[in-house]
Amino acid sequence: MRKLAIVTIAMLAAAACGENAPSELTVTDGYIRLPSPGASMAAAYLTLEGPEADRLIAAEIEGVGTTELHTVLMDEDGVMRMRPVEGYDLAAGGSVVLEPGGNHLMLMEINEPLEAGQTRTTTLRFESGAETVIELGVKEQRRGGGHSHH
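Note that the structure is predicted; figures quoted are calculated from it, not measured.

### Quick notes on the pairing of strand 8 (residues 104-110)
Inference 1: Within strand 8, five of the seven residues are buried, leaving the element largely enclosed by the surrounding structure.
Inference 2: Alignment of strand 2 (residues 42-49) against strand 8, held across three bridges, turns out to be antiparallel. Opposite A43, over in strand 8, you have M106 as the bridge partner.
Inference 3: Direction of pairing for strand 4 (residues 64-74) relative to strand 8: antiparallel, over a ladder of six bridges. Considered in strand 8, the bridge of E68 is made with M106.

### Digging into the confidence of the model for the chain
Inference 1: Summary statistics for the chain give a mean pLDDT of 85 and a share of 79% for residues scoring 70 or more.
Inference 2: Under a pLDDT of 50 for its full length, residues 1-19 has, in the predicted model, one contact with residues more than four places off or in other chains.
Inference 3: In the model, residues 145-150 has pLDDT below 50 throughout and makes 18 contacts with residues more than four positions away in sequence or in other chains.

Criteria and cut-off values
Residues numbered from 1 in each chain as written. Predicted model: local features only at pLDDT ≥ 70, side-chain atom pairs only at ≥ 80, totals over all residues. Heavy atoms only, no water. Buried < 20%, exposed > 50% of the residue type's maximum accessible area, 1.4 Å probe, protein only. Helix = DSSP H or I, 4+ residues; strand = E, 2+ residues; numbered from the N terminus. Pairing = 2+ DSSP bridges. pLDDT = per-residue confidence, 0-100. Contact = heavy atoms within 4.5 Å.

Shown next, in the form of structure tokens:
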């Protein structure tokens, strides 16, 4: 009986500590949206998950002169506008989702044209000093999924 109680307590403690939380920083669902013909900017999206609190503060993408962290906010006139932000907070055991219509990476000064099917080496920099290098695939933009910059 005592052994069962100890096992039960250990299982409850593991669950309370977020046993399903990632043991290291992971990046999933990442991609660069292929810009419309003639557009000089593009956007990238991904999901970050990590065991420890940190803050994404910068990104560098191969073939892109400037990459900014952006969010979408409603202005005083009720118009949704993109604005640069200082970073995205990642809570311990939590996630940050960069997605169309919300937080995203804004690629400006694209030096090497983007083509569907390509991948671009991307370095994500965090406030802790950590860096993560990933490959982001370039995907064709879906109809109606446009991204205007005001």
